[in-house]
Amino acid sequence: MTTTLDAVLEILSWAGFGGAVTFGVALLVLWAADGTWLPADALVDHEPDGTWVRWFDDEGEANSARVDEHTAALLAGRDRADIWYRHGWRGRMRLTRRPPVRRLLVGLSSGFLAVGVVALVASWIVLFVRG
């Protein structure tokens, strides 16, 4: 029984720390690939062919983007919105500063780290209780 408990705690600690590192690296890659996003005040146009968002970037150039159905539902009934646009690109915008998948990766990395720490502490407790 004790060797089984030791094995389970060892596997959980390795899986926890390994998962935390894996999702942490994925988070780092996402951060590097995401680029720079700047805030802007945008006009929202509800037209028959879809919802369009129009704004001026940091260089004073006019930009516009047709939004997807989910974003159009969030902007329903609004004529202005605070947006984030991709610096150096035309027609790229979103409503949040960070990508939505970032929260998922942070949660998974934190959860795996917690499993690893709990398993490691539990294995130390088992080691000293036996001794």
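Data block above holds the structure.
As the structure is a computational prediction, the values presented were derived from the model and not from experiment. (Residues numbered from 1 in each chain as written. Predicted model: local features only at pLDDT ≥ 70, side-chain atom pairs only at ≥ 80, totals over all residues. Heavy atoms only, no water.)

A. Quick peek at the side chain of aspartate 57. You can see aspartate 57 is positioned in the loop between strand S2 (50-56) and strand S3 (62-66). Of the side chains with opposite charge, arginine 90 comes closest to the buried, unpaired aspartate 57, at an N-O distance of 4.8 Å. Separated by 2.8 Å, the side chain of aspartate 57 and the backbone nitrogen of glutamate 61 make a polar contact. Contact partners of aspartate 57, with chain neighbours within four places excluded, come to Asn63 and Tyr85. (Helix = DSSP H or I, 4+ residues; strand = E, 2+ residues; numbered from the N terminus. Buried < 20%, exposed > 50% of the residue type's maximum accessible area, 1.4 Å probe, protein only. Lys, Arg positive; Asp, Glu negative; His and termini not counted. Salt bridge = Lys/Arg side-chain N within 4 Å of Asp/Glu carboxyl O. Polar contact = N/O pair within 3.5 Å; in protein donor to acceptor, adjacent residues only side chain to side chain. Contact = heavy atoms within 4.5 Å.)

B. Representation of the pattern of salt bridges in the model. Counted under the stated rule, the structure contains six salt bridges. The residue aspartate 34 makes a salt bridge to arginine 94 at a minimum N-O spacing of 2.8 Å. Remark: arginine 94 occurs in strand S5 (residues 93-94) and aspartate 34 occurs in helix H1 (residues 2-34); sequence separation between them is 60 residues. Look at aspartate 34 and you get buried, because its relative accessible area is 16%. Looking at arginine 94, the relative accessible area reads 15%, which means it is buried. Members of the salt-bridge network, linked through shared partners, are Asp45, Glu47 and Arg54.

C. Here's a closer look at the sheet that holds S5. Across the sheet, five strands lie side by side as S3-S2-S1-S4-S5; this open sheet has antiparallel pairing. Looking at the sheet topology across the chains shown, the edges are occupied by S3 and S5. The pairing of strand S4 (residues 80-86) with S5 spans two bridges and is antiparallel. Directly across from tyrosine 85, in S5, lies its bridge partner methionine 93. (Pairing = 2+ DSSP bridges.)

D. Expanded view of the pairing of S2. In this sheet, S2 lies alongside strand S1 (residues 37-47) in antiparallel orientation, the contact comprising five bridges. Opposite leucine 43, over in S2, you have arginine 54 as the bridge partner. If you look at the hairpin formed by S1 and S2, you'll find two residues sitting between the two strands. Both S2 and S3 contribute to a ladder of five bridges, which runs antiparallel. The residue bridging valine 53 from the neighbouring strand is alanine 65, located in S3.

E. Focus on the packing of aromatic side chains. A full pass over the atoms with the stated rule returns two aromatic pairs. With centroids separated by 5.5 Å and ring planes inclined at 35°, the aromatic side chains of phenylalanine 23 and phenylalanine 112 adopt a geometry described as tilted. A residue pair is termed long-range when its members are at least 10 positions apart, and phenylalanine 23 in helix H1 and phenylalanine 112 in helix H3 (residues 101-130) qualify at 89 residues. One residue, arginine 94, lies across the ring of tryptophan 37, its end atom 3.8 Å from the ring centre. (Phe/Tyr/Trp six-rings, centres within 6.5 Å; stacked < 30°, edge-to-face > 60°. Lys NZ or Arg CZ within 6 Å of the ring centre and 35° of its normal.)

F. Region of interest: the packing of H1 against H3. H3 packs onto H1 with a crossing angle of 155° between their chain directions and a minimal axis gap of 7 Å. By the criterion of interaxial angle, the relationship of H1 to H3 is roughly antiparallel. Handedness of the crossing formed by H1 with H3: left-handed. Looking at the contact of H1 with H3, its residues break down into 22 nonpolar, eight polar and three charged. (Axes fitted to C-alpha atoms, helices over the stretch in contact; angles between N-to-C directions. Parallel < 35°, antiparallel > 145°, perpendicular 65-115°, else oblique. Left-handed = near helix turned anticlockwise from the far one by under 90°. Nonpolar A, V, L, I, M, F, W, Y, C, P; charged D, E, K, R; others polar.)

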